[in-house]
Structure formats: C-alpha cells, structure tokens
Amino acid sequence: MDSLPLTLREAIEYIGTIVFAISGIRLAAAKGFDWFGAFVVGFVTAIGGGTVRDLLLDVTPFWMLSPAYLWCTLLGMIVVFIFNRQLVRLDLPFFIFDAIGLALFVVIGIEKTLDLKYPFWVAITMGTITGIVGGVMRDNFINETPLVFRKEIYALACVMGGTVFAACYYLHFNHEVCELSAAATVLIIRILAIKFHWHLPKMKLR
Amino acid sequence: MDSLPLTLREAIEYIGTIVFAISGIRLAAAKGFDWFGAFVVGFVTAIGGGTVRDLLLDVTPFWMLSPAYLWCTLLGMIVVFIFNRQLVRLDLPFFIFDAIGLALFVVIGIEKTLDLKYPFWVAITMGTITGIVGGVMRDNFINETPLVFRKEIYALACVMGGTVFAACYYLHFNHEVCELSAAATVLIIRILAIKFHWHLPKMKLR
Amino acid sequence: MDSLPLTLREAIEYIGTIVFAISGIRLAAAKGFDWFGAFVVGFVTAIGGGTVRDLLLDVTPFWMLSPAYLWCTLLGMIVVFIFNRQLVRLDLPFFIFDAIGLALFVVIGIEKTLDLKYPFWVAITMGTITGIVGGVMRDNFINETPLVFRKEIYALACVMGGTVFAACYYLHFNHEVCELSAAATVLIIRILAIKFHWHLPKMKLR
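Read on for an overview of the structure. (Residues numbered from 1 in each chain as written. Chains lettered and ligands numbered in written order. Predicted model: local features only at pLDDT ≥ 70, side-chain atom pairs only at ≥ 80, totals over all residues. Heavy atoms only, no water.)

1. Some remarks on the packing of aromatic side chains
Residues and elements named next belong to chain A.
1) Next: Applying the stated criterion to the full structure yields 33 aromatic pairs over all chains.
2) Next: Each ring, one from Phe43 and one from Trp63, has its centre 5.4 Å from the other, and the planes form 80°; the classification is edge-to-face. Here the residue Phe43 occupies a position in helix α2 (residues 35–57), and Trp63 occupies one in the loop between α2 and α3 (68–87), the gap between them amounting to 20 residues.
3) Next: Trp63 sits in the buried class, given a relative accessible area of 2%.
4) Next: Put simply, the rings of Phe120, Phe165, Tyr169 and Tyr170 touch in pairs and so form one group of aromatic residues.
5) Next: The ring of Phe196 carries Lys195 above its face, with NZ or CZ at 6.0 Å from the centroid. (Phe/Tyr/Trp six-rings, centres within 6.5 Å; stacked < 30°, edge-to-face > 60°. Helix = DSSP H or I, 4+ residues; strand = E, 2+ residues; numbered from the N terminus. Buried < 20%, exposed > 50% of the residue type's maximum accessible area, 1.4 Å probe, protein only. Lys NZ or Arg CZ within 6 Å of the ring centre and 35° of its normal.)

Here you go:
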C-alpha cells in the first residue's frame, strides 16, 4: 500500500468491489430478498473470491483489515436504490467496470500468492478463485447454477490472464509489465467474448 | 470457562445448539433426507456459523474442542423422533429458545472477536455470521433460498444487537451490561418482529 | 510418503481422485455446464472434502502442495471425452473405484487428524468430511440436494469405517491393520449397500 490517500490501484479495486456488489444486489432483488439480504449477497459477491483465497493461503481475509469493502457494498446499495431505473441502460459501462474489476482481482490474487512463495500454478488457481468464487457464491445464494460456467468465457479468461502473467514472468519482464499484460488479457478476452458472443462448448454426454 | 460443571452460559449455549439442530433436522426430514443426512444438516445448522467465524478468525473451530455439540445434535434427533407429533404445537417455546440461542450466539461471536483485538465493526460482523450462517447453510443443503433474508427481521437483529454492544462498550458500561444489553436487543427485536409480523421491505427493481 | 516414484497408496489416491472427478464432470455435463465449468466441478468434487478438512485442521490444503490433483482432473476430462459412450456400460468398475477411493479418502482423513493429536471422535468426523464433502459440493454446484444423504448408505459407511479404525486402535492392533480394517469396512458396506439396495430410513415427520 502506498502513502497516497487513494492510489489508482485502490480506486480500481474499490470500483470493482462496488460493481461486483451491484451485480449481487440486483440478482438478490430479482429473487425477492429483503434489503438486508440483498446487502449480504452483494457483500459476499464482492469479497467471496478473495476470502476463499485468503483462507486457502492461511492469511487474514483482506476485508477484515479495512471497513472499505463494507462501505463499497453500501455505496452499491445506494446506487441501486437511486439509479435503479437507469441501471438497465447502463449495461455497457457496468460491463466495462466488471471486466476491469475482474482483471484486477485476478492480478491481486496472483501476486498475493506469489508473495507467499507458492509456485505459479497455485498462483494462477488463486487468481481464478479470486475472480470467480464471489459470483459462484452469489448464484448459490439465489439458488441458480453458477453463471460463470455458462455465460461468455469468464472463468477461462482468468486462467488465461494468469498464464500470460506466468509467461511474462519467465521471460524476465518487468513486474509492472507482467501485471498489465495479465490484466489486459483478462479484459480483452472478456470484451471479445461479449462482442462476438463467444461461449465455450458445452460438455455433451451422448 | 468456569470450573462449575455446567455454567448458565453453557446451558444456554447447549440449548441453543439443540434448538438450531432441530430446525435443521426438521427441514431436512421435510425434504426426504435419510436420518444420517438429517443429523448432518442439524449439526451444520447448529455449528456452521461459529465454524465460519472461527475459520475467518484463524482459530480452531469451537466444536472440535469438545464433543458436546455432537451430543446436542444427537439429543435434537431424539427429540424429533419422540416428540415429532407434538413439535408443531410447541412452536412458541421453540421460537423462544431459538431467539435466546441466537442472542447468545451473537454475543459469543462478538466477544471471541474482541478478545483477538479486532475492531468493533469486525466483531459485529462476526456476531452476525455466528448467528445466521448456520441457517444459510441449512437452506443451501435443502436447496432453498436462505430464509434468514426473507422472514421476519432476523439477520438485522444480530447487527442491531452488535451495535448495542458497541454503544454500551464505548459508554464504558460494565462488561456484563454490554453482553446483556446486546442479547436483550436481539431477543426483543425477534419477539417484536414475530408478534407484529415485521418484515424488512424487499429490494424492488422496477 | 515413501521414496518410491509412485507408492501403492499414491496410486490408489490418484485413481480415487480421477474417479471422483469423473463423477463431477458427468453430472456437470448433464446440467449444461461448459467444459471449463465441468472441469471445475470435477476438481471440486475430487478435492473438496480434503480441502475443508485441511481448513478445519489449519494445515495447507493438500492439493496446493502438488499439481497432481489438477492433472488427475484433466485425465478425468479426457476419459469422459474419449470413453463417453462406453462409460455407461462401465458403471460397475467405476463403482468399485469410487468405493476404493472413498475408503482411502476416509483413512487419509483419519490419519492426518490423529497426526495432529486430535482425539478419535474428531478424526472420525474428519474422515467422513474427507469422504463426503466433495460430493456435497458437487451437488450444490449443480443445484441438487446432496445425493450422499439419499442414496445407498454412503456417509454412514465413512463413520463406520472410522469407528472400526478406532476399535482396532484401542485394541492395540498394528497400524496397518487399523488402516486396512477401516478401509475394508467402508468398501464392504458400500458393496453390500449397492448389491442389496440398502438405504437408511428417511426421517419422517407426521
């Protein structure tokens, strides 16, 4: 963490948290949850992936070290309350922020794991867990099968971002280049997947 | 823990465990689980909240330190087997014990967290997790959306109990006063919510 | 762990992992998951029980120490892709391997817990968790109520295997005898349960 009041990285992380929370709040609302329930689903969607990662890595879950993530979820509630009617028309900006948030979450997950001296395959797994588990928990809460395994390439984008990180690292690229390449990979795959309706083929049993 | 064979606190905790277990056992039975499955759902309902709390706090899950919680679940099974037909008529006493158990679980969660030097907002969150996560897991097992976010004010009662605890603490009240005020808050809110059918408003998306 | 390149125990563990993964992959496929989603469900089915056990015991989750479990899941994917059509006819060998894997998972869970100086009732619980939680997570992912609590005696077989382990231990039997007796108990109960369609009675509420 820098000494700046709010670094660019923190700003992106908080925006990602808000956008993830909003996706949980909206789906919970559609299922008839009361507003406190919607808050909880939003919070879990936002912090679930990082929490499972931190439990597996045996470090204190990140959101227990700063109330910022609760505030971000509250802000997400307020956004849904106020801009409810307009949110539907804001699908594009939301998608962009969701993709940026996902890219950052993956990079954060990878770096935290590497800092703890785990090998790269664990780091890629943790980056993917950071990115997708919140969404899996959200869908579990609202009693649907997980969307991340059915909609446009989402979970695999995390793995590919992680693979690019590893490739850059083994090519001895500068640390920032590794980070940015990985994030850009996640972002670009998500944008292309949405634009061209890329889906992974379904598993078929004949 | 005192040196008494069974303190009042322990007695309440075990009764709360039994009542929580019974709620899990009955819902599992309604879903066609076999009796071992019902036992597991009852056990998870009773200890799930405290287990997640202990994992997040990185301490040994409380039920691994004493077999009492397994025995409480077994007792819950026996109660359901024997008093099955009468249980429906016992809804009122059950509700009372459930509310007392909830109040105690919240207080236990808060104190355990404060003992580990976490700030109050973490303690309130952990108190709430202790109170509600077992019920969320139960509903997840039986494949329903979580009841605690839809029925009479339940999860919010935990948060309000925690807030009262914090208020008493900052007003330098005696420790027992903090505990009792918090527990009373949870209990009273639950009783009023049931009596007057208080519900939180649903999140609505237009 | 021995110094042999692949001990009998490791071979059984990997085969168990592959078979557990295949059960997850096939159920995910039946629910319309894409292939990456099916991979994740297969992986979680194979490692979920041991992961929860290791989190509760506060040790590093076993699969983070070796990529072998990811490779086993990949192998499971390949088996499903290639032998898809034949798999249905292979139900018997699959059942045998599933039962052997289950038996081994239970024994591994018990021993890991005893090594950490927990009492036997915790070890039996952890053995059961190792055996069944992966399947519970799988059914949760695909949005079904857990099969392990409804089909032929499955979860209880784990408990009985653990009980036999404890009995042999207290009778001062040789360590290998304890292991083999426990594993044989799980295996035999599963085979008898399938052969004679043993089910536990359902909990009934009148």
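2. Examining a nonpolar patch on the surface
All names here are of chain A.
1) Next: Taken together, the side chains of Trp35, Trp71, Leu74, Leu75, Ile78, Phe81, Ile82 and Phe83 make up a nonpolar region of the molecular surface, amounting to roughly 810 Å² of accessible area.
2) Next: Per-element accounting of the nonpolar patch gives the leading share, seven residues, to α3.
3) Next: Among the residues examined, Ile78 registers a relative accessible area of 42% and is labelled partly exposed. (Patch = residues over 30% accessible without salt bridge, like charges linked within 9 Å, V, L, I, M, F, W, Y side chains within 5 Å. Areas by Shrake-Rupley, 256 points an atom, 1.4 Å probe, with all protein chains shown as cover. Salt bridge = Lys/Arg side-chain N within 4 Å of Asp/Glu carboxyl O.)

3. With respect to the relation of the copies chain A and chain B
1) Next: For the match of chain A to chain B, the screw axis carries a shift of 0.0 Å, the RMSD comes to 0.0 Å, and the turn is 120°. Those values place the two copies in the arrangement expected of a three-fold rotation axis.
2) Next: Little of the interface of chain A is mirrored in chain B: 13% of its interface residues are interface residues there too. (Least-squares fit on C-alpha atoms with pLDDT ≥ 70 in both. Contact = heavy atoms within 4.5 Å.)

4. With respect to the interface of chain A and chain C
1) Next: Contacts between the two partners involve 29 residues from chain A, matched on the other side by 32 residues from chain C.
2) Next: Summed over both sides, the interface of chain A with chain C buries roughly 2700 Å², with 69% coming from carbon and sulfur.
3) Next: Where chain A touches chain C, the interface holds zero salt bridges.
4) Next: For the pair chain A and chain C, the interface holds two residue pairs in polar contact (both at pLDDT 80 or more).
5) Next: Contributing elements (two or more residues each) for the side of chain A that touches chain C: α2, α5 (120–141) and α6 (155–170) of chain A.
6) Next: The element contributing the most residues to the side of chain A that touches chain C is α5 of chain A, with seven residues.
7) Next: Of the residues contributing to the side of chain A that touches chain C, the split by class is 18 nonpolar, four polar and seven charged. (Buried area = accessible area lost by both parts, 1.4 Å probe. Polar contact = N/O pair within 3.5 Å; in protein donor to acceptor, adjacent residues only side chain to side chain. Nonpolar A, V, L, I, M, F, W, Y, C, P; charged D, E, K, R; others polar.)

5. Some thoughts on the relation of the copies chain A and chain C
Between the two copies of this chain, the relationship is a rotation about some axis together with a displacement along it.
1) Next: Between chain A and chain C, which share one sequence, the superposing operator has a rotation angle of 120° and an axial displacement of 0.0 Å; the RMSD is 0.0 Å.
2) Next: Of all interface residues in chain A, a mere 14% are interface residues in chain C too; the two copies therefore contact each other through different surfaces.

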